[in-house]
Amino acid sequence: MAGGDAKGRGTWASGIGFILAAAGSAVGLGNIWRFPYITAENGGGAFVLLYLGCIALVGLPIMIAEIMIGRSTQKSTVSAFRQLAGKKSPWVSLGWIGVLCGYLILSFYAVVAGWALHYVVRSVTGALAGKSADQLQAAFTQLSTDGGQSILALVVFMALTMAMVMGGVEKGLERWARILMPALLLMLVGLLVYSFTLSGFGEAFRFVFGFHAHDLTGAGVLEALGHSFFTLSLGMGAMLTYGSYLRRDTDIVGNSIAIAVLDTVIALLACLVIFPITFTAGIETAQGPGLVFISLPIAFSKMAGGSILATVFFALLSFAALTSTISMLEVATSYFIDERGWSRHKATLVSGSAITLLGIPSALTGATVFFGSGMKERFGRDWFSLVSDFSSNILLPLGGFGIALFVAWKVGDRLRHDEFLAGSSFGKFYRLWLGVLRFFVPIAVALVFLKAIGINIF
Ligand code: PFF
């Protein structure tokens, strides 16, 4: 129904359901695929410490603000800003940024998620076993350049995501988070126990937690800050939308802390699973995006029981990605439900299909067709990196910046205060949170944004 009342939209059946779904959104490829390789590229320990600071001082305050907008309006992104700022207000563009990001980010994210799923199949069928390093490198290149396989993986992953989003808040988003998140944690702990037995564990631990001040760089600071947005699913209204299904008496601050802690712990555990394996196998760790799809399979192929380990690892990666893709599609879908009065079924089908089509050029990015390497040769940039850089490096910080300003300066103190205090025992931190959101967060995010558009302050 247009303007959708709170009841018709659905609510989380339980507090833990919301935490699992929101943490499911946060925990994804960003934690298990991206965080380990950017940590490796930035020299380990010092970068990790910086990252923790960014999560606590920038990510967490924005998450509280985003969930607050959703919970107070019980609306999805565009409608929420319309309700709070007025129909024609420029603040409504923050809602539009969210919907646009839902389309753009999901379109390339689902391609990588599809690769993860493809690697589950490869691991189960033993296609990765007994291969040399060169063969495994070639296997990844083949997947990422053979457009047909990548498109198939994308379509399958999007179909799974759509099926789950169609179930609705309680029977779709919450139910699957309740199944996938504990399974993910179990697999992660299982792999961690295994990594702990490896000779490279000590070295990996020192790498992740050893602090060397000289490793800190200006670029590392900005990378840590930028990643804290992506990993906490901030700036595009995903947390706002999930917040809109919250009951009035839920403790937003406590829940946000739980979500941020879960997300961070899982990113750190992913490092403590991956680095011992690569260190023990004597494989280069600072490999970039190929770390998970090339280095790890090489390491697995040298280990007893490697196929089983590989299967568990890629299933873990796929599960993590799925709870995130669900949240992105929910942002796109809930817009049509709230604003256009479409049924959830129709809204999911239309947005999901459009996003799948939009993902095809990304899936073809390594292939020699117009949008792929052909495009790179002609325009110096391929579609995949164009879409991913624009959406995650520009739109997300822009959205986060706007949300911080909106809640800190535009929204009335009454609403903010009530939302902060409802069901919460963190009331005494209200002034501190507001101060950080008013001054520190906008400056920090502006720096990331300026870097993204090529203006480097450091
Ligand atoms: N937080 C997810 C990850 O770390 O993989 C990515 C993401 C999900 C970004 C949902 C944005 C979003 F709305």
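Residues numbered from 1 in each chain as written. Predicted model: local features only at pLDDT ≥ 70, side-chain atom pairs only at ≥ 80, totals over all residues. Heavy atoms only, no water.

(A) Representation of the overall build of the protein in the model. Scanning the protein from N- to C-terminus turns up 20 helices and zero strands. Rg of the C-alpha trace for the protein: 21 Å, near the compact-globule value of 23 Å for 458 residues, within the 12% margin. Projecting the C-alpha coordinates of the protein onto the three principal axes gives extents of approximately 60 × 50 × 45 Å. The buried share of the protein, reckoned over its 458 residues, is 59%. Here the analysis covers contacts within the protein between residues at least 6 apart in sequence; of these, 80% occur between residues at least 24 apart. Within the protein, one finds 30 positive and 23 negative side-chain charges whose respective centroids are separated by 8 Å. (Helix = DSSP H or I, 4+ residues; strand = E, 2+ residues; numbered from the N terminus. Rg over C-alpha atoms; globule rule 2.2 N^0.38 Å. Buried < 20%, exposed > 50% of the residue type's maximum accessible area, 1.4 Å probe, protein only. Contact = heavy atoms within 4.5 Å. Lys, Arg positive; Asp, Glu negative; His and termini not counted. Charge placed at Lys NZ, Arg CZ, Asp CG, Glu CD.)

(B) Main features of the side chain of glutamate 330. With respect to the helices, strands and loops of the structure, glutamate 330 is situated in helix H15 (residues 306-340). Non-local contacts of glutamate 330, meaning those with residues more than four positions away in its chain, are made with Val165, Leu173, Thr241, Tyr242, Tyr245 and Arg344.

(C) Structural view of the packing of aromatic side chains. Evaluated as defined, the whole model comprises 32 aromatic pairs. Centre to centre, the rings of phenylalanine 35 and tyrosine 51 are 4.5 Å apart; their planes meet at 35 degrees, and the pair counts as tilted. Remark: tyrosine 51 occurs in helix H4 (residues 45-73) and phenylalanine 35 occurs in helix H3 (residues 29-41); sequence separation between them is 16 residues. Summarising the burial analysis for this pair, phenylalanine 35 and tyrosine 51 share the class buried. By the ring-pair criterion, three or more aromatic residues cluster together here, those being Trp115, Tyr119, Phe140, Phe293, Phe300, Phe313 and Phe314. (Phe/Tyr/Trp six-rings, centres within 6.5 Å; stacked < 30°, edge-to-face > 60°.)

(D) Here's a closer look at the site of the ligand. In the vicinity of the ligand, 15 residues are found, and the nearest of them are Ala26, Gly30, Tyr109, Phe230 and Met236. One of the side-chain nitrogen or oxygen atoms of tyrosine 109 is found 2.5 Å away from an oxygen atom of the ligand. One nitrogen or oxygen atom from the main chain of phenylalanine 230 is found 2.8 Å from a nitrogen atom belonging to the ligand. Going through the elements one at a time, helix H2 (15-26), H3, helix H11 (218-231) and H15 are the ones with two or more residues in the shell around the ligand. Across the shell around the ligand, the residue classes tally to seven nonpolar, eight polar and no charged. (Near = heavy atom within 4 Å. Polar contact = N/O pair within 3.5 Å; in protein donor to acceptor, adjacent residues only side chain to side chain. Nonpolar A, V, L, I, M, F, W, Y, C, P; charged D, E, K, R; others polar.)

(E) Focus on the packing of H4 against H11. Running from amino to carboxyl end, H4 crosses H11 at an angle of 45 degrees, the nearest separation of the two axes being 8 Å. In this view, H4 runs oblique relative to H11, as classed from their interaxial angle. The element H4 and its partner H11 pack so that their crossing is right-handed. For the pair H4 and H11, the contacting residues are Phe47, Leu50, Tyr51, Cys54, Ile55, Val58 and Ile62 in the first and Gly220, Val221, Glu223, Ala224, Leu225, His227, Ser228, Phe229 and Thr231 in the second. (Axes fitted to C-alpha atoms, helices over the stretch in contact; angles between N-to-C directions. Parallel < 35°, antiparallel > 145°, perpendicular 65-115°, else oblique. Left-handed = near helix turned anticlockwise from the far one by under 90°.)

(F) Examining helix H5 (residues 77-85) more closely. The set of residues buried in H5 consists of Thr77, Val78, Ser79, Ala80, Phe81 and Ala85. Residues of H5 that are buried sit in contact with H4, helix H6 (92-124), helix H12 (238-243), H15 and helix H18 (383-410). Once H5 ends, the next one or two residues include glycine 86, with phi positive near 110 degrees.

(G) Summary view of unusual backbone geometry. The backbone of glutamine 74 shows a phi angle near 55 degrees, a positive value even though the residue is not glycine. By the secondary structure assignment, glutamine 74 is in the loop between H4 and H5. Phi is positive for serine 233, close to 60 degrees, though the residue is something other than glycine. By secondary structure assignment, the location of serine 233 is in the loop between H11 and H12. Serine 233 sits in the buried class, given a relative accessible area of 11%.

(H) Quick peek at H2. Its 12 residues place the ends of H2 17 Å apart at the C-alpha level, agreeing with the 16 Å of an ideal helix rising 1.5 Å per residue. A large share of H2 lies buried, amounting to 10 of its 12 residues. Within the span of H2, buried status applies to Gly17, Phe18, Ile19, Leu20, Ala21, Ala22, Ala23, Gly24, Ser25 and Ala26. (Expected span 1.5 Å × (residues − 1).)

(I) Looking closely at the environment of glycine 130. With respect to the helices and strands, glycine 130 occurs in the loop between H6 and helix H7 (133-145). According to the relative accessible area criterion, glycine 130 is exposed, its value standing at 70%. Considered as a pair, glycine 130 and arginine 247 are 117 residues apart in the sequence and their alpha carbons are 53 Å apart.

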